[in-house]
Structures are given as structure tokens and as C-alpha cells.
Amino acid sequence: GDFDGDGREDIFWRHKTVGVNRVWFEVGANVVEANFWDVPELAIVAPEWKILASGDFDGDGFFDLFWQNENTFETFVWFMEGFVVDVVDFPRLRSASWVLEATADFDGSGTSDIFWRDIDSGRTALWLFDGDDVEFASLENADPALEVADIIDFDDDGSFDMIWEREDGSCEIWLMPGGERLADIACPAVE
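What counts, and at which threshold
- Sequence order as written defines the numbering, with residues in each chain counted from 1.
- Side-chain atom pairs in this predicted model are given and counted only at pLDDT of 80 or more, local residue features only at pLDDT of at least 70, and totals for whole chains, interfaces and linings cover all residues.
- Water and hydrogen atoms were dropped before computing side-chain values, which therefore reflect all heavy atoms in the structure.
- We count a stretch as a helix when DSSP gives it H or I for four or more residues in a row; a strand needs E for two or more, and each element gets its number in order from the N terminus.
- Here the radius of gyration uses the C-alpha set of atoms, whereas the globule reference equals 2.2 Å times the residue count to the power 0.38.
- Whether two residues touch is decided by their heavy atoms; if any such pair falls within 4.5 Å, the residues are in contact.
- For the accessible areas, the method is Shrake-Rupley and the probe is 1.4 Å, while residue cover comes only from the protein chains on display.
- Asp and Glu are treated as the negative residues and Lys and Arg as the positive ones, with His and the ends of the chain left uncounted.
- Where a charge sits is defined by one atom per residue type, namely NZ (Lys), CZ (Arg), CG (Asp) or CD (Glu).
- Being paired, for any two strands, means DSSP has found at least two bridges between them.
- The axes used here are C-alpha line fits, helices contributing only the stretch in contact, and every angle between their N-to-C directions lies in the interval 0 to 180 degrees.
- The rule is simple: take the accessible area with a 1.4 Å probe, protein chains only, and divide by the maximum for that residue type; under 20% is buried, over 50% is exposed, in between is partly exposed.
- Only one rule defines a salt bridge in this text: a Lys or Arg side-chain nitrogen within 4 Å of an Asp or Glu carboxyl oxygen.
- Here a polar contact is taken to be a pair of N or O atoms separated by no more than 3.5 Å, where protein atoms must pair a possible hydrogen donor with a possible acceptor and residues adjacent in sequence count only if both atoms sit in side chains.
- To count as a disulfide, a pair of cysteine sulfur atoms needs to be within 2.5 Å.

1. Things to note about the overall build of the protein chain
Then, number 1: Helix and strand counts for the protein chain stand at one helix and 15 strands.
Then, number 2: Against the compact-globule benchmark of 16 Å for 191 residues, the protein chain has a radius of gyration of 18 Å, which places it among compact chains.
Then, number 3: For the C-alpha atoms alone, the extent of the protein chain along its principal axes is close to 55 × 35 × 35 Å.
Then, number 4: In the protein chain, the share of contacts with a sequence separation of at least 24, taken over all contacts with a separation of at least 6, comes to 32%.
Then, number 5: About 10,000 Å² of surface is accessible on the protein chain, with carbon and sulfur atoms providing 50% of the total.
Then, number 6: With 11 positive and 45 negative side-chain charges, the protein chain shows a spacing of 9 Å between the two charge centroids.

This is the structure we're talking about:
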């Protein structure tokens, strides 16, 4: 993602066993490395913390990083602005059965949001981001036979919608204006 807002893709590097973090910022034909050594809590993050998603969660034009602890299910976001990082904690998930299915602007607010699914129960939920404020929205259950096929603005209303697919090729489209599940469209299997 673009962590410094210059319109160029940057690269975030993480050593999976040690937890050392670096960012390579593209500057023209050169690469400038940020190693976070001036901020020890950013330079090394324990290996049980995993980056689940990136997106612009605060709408400032810089990509941010969404982290989760694989043992405690705690979450936090690094709100990035070049070499400056603001770390904000978010609620802990209840179990490992909740998985992040998608990151997109589901409510049309101009910020990335997170779509969660409990793979055991089929429950679904949205975390709708507005900077470091998050609105939590529970949605209806998803049939366990469904898998996320795509996230697009299917009805061109400015909010992303979910396209689900079954093993037989049939699908469901969840229209989600404003981050709410408004309607479902069933699609026949493609043969």
C-alpha cells in the first residue's frame, strides 16, 4: 500500500519469527528504508501478532495496517503517515472462529471497513471505521456453504457489496448500502 501518501506503492516487511518490521518507501528510482528503531514498540512486534489487512481506515490517504494477536485475539491498527505511526487498540474477538473475510468501504464513508465471519456459526459482522472510532454492526448469518467470491460495488451506490459462491457454482449477492444488508440476489449455477 501507499504508506506515505505520495501515490507510489511502498513495501512493508516483517520478519515472521523475530517480529522485526521495516517499510521501504519508493522515492523516485530510490528506496528509503524506515526501520522504526527510534520507536522500539514499532520496531519489533511479537511474532504472534499478524497483519490481517491493510487499507485506509482513517480516510487520510495513507494505508494503515490492521493487526491481530493469534493467541489472545486482541486487535489494533497502525494508522500510518509516512514515518509516523499512531497505534490504536480495538476490541478483542471472542474466538479463533471469527475470521476477517474482506476489507472494503462498505458504508461509502471513504474509509476501509472490515467484514468478519464466524466460520462455526455463520454469524457476520462489520467494523465500520471512521478514524479511530469504530461502529460495530451485526448482520444476518451467512450459509456455511457460502465462500466469499468477490467484493464489488455491484449496484453502483458507492458502497461495496458481497458476492458469495457455493461449491456448485451458484451464488448470492448481498447488497449493502451504508454497511447494512439490504437485499439478497440469488444467481444460478454457471455450467
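That was the structure; now back to the text.
2. Observations concerning the sheet that holds strand 5 (residues 64-69)
The strands that make up a sheet are held in pairs by hydrogen bonds between backbone atoms, and each pair lies either parallel or antiparallel.
Then, number 1: Within the open sheet, the four strands sit side by side as 4-5-6-7. Their pairing is antiparallel. What marks the edges here is a single partner per strand, and that holds for strand 4 (49-55) and strand 7 (84-90). The mean angle between the axes of side-by-side strands here comes to 25°, regardless of whether they run parallel or antiparallel.
Then, number 2: Looking at chain direction, strand 6 (residues 75-81) and strand 7 are connected through seven bridges and run antiparallel. Bridge pairing links V77 to V88 in strand 7.

3. Re the side chain of R14
Then, number 1: Considering the arrangement of structural elements, one finds R14 in strand 1 (residues 11-14).
Then, number 2: No salt bridge forms around the buried R14; measuring N to O, its nearest opposite-charge neighbour E48 is 7.2 Å away.
Then, number 3: A polar contact is formed between the side chain of R14 and the backbone oxygen of V45, at a distance of 3.0 Å.
Then, number 4: Sequence-distant contacts of R14, that is, excluding residues within four places in its chain, are made with G19, V20, N21, V45, A46, P47, W49, I51 and W67.

4. Looking at the state of the cysteines
Then, number 1: Applying the stated criterion across every chain, the model contains one disulfide.
Then, number 2: Bridging C171 to C187, the disulfide has an S-S length of 2.1 Å. What sets the handedness of the C171 and C187 disulfide is the S-S torsion sign, and at about -105° it is left-handed. One end of the pair, C171, is in strand 14 (residues 171-175); the other, C187, is in strand 15 (residues 183-187), with 16 residues separating them in the sequence.
Then, number 3: On the accessibility criterion, C171 (14% relative accessible area) is buried.

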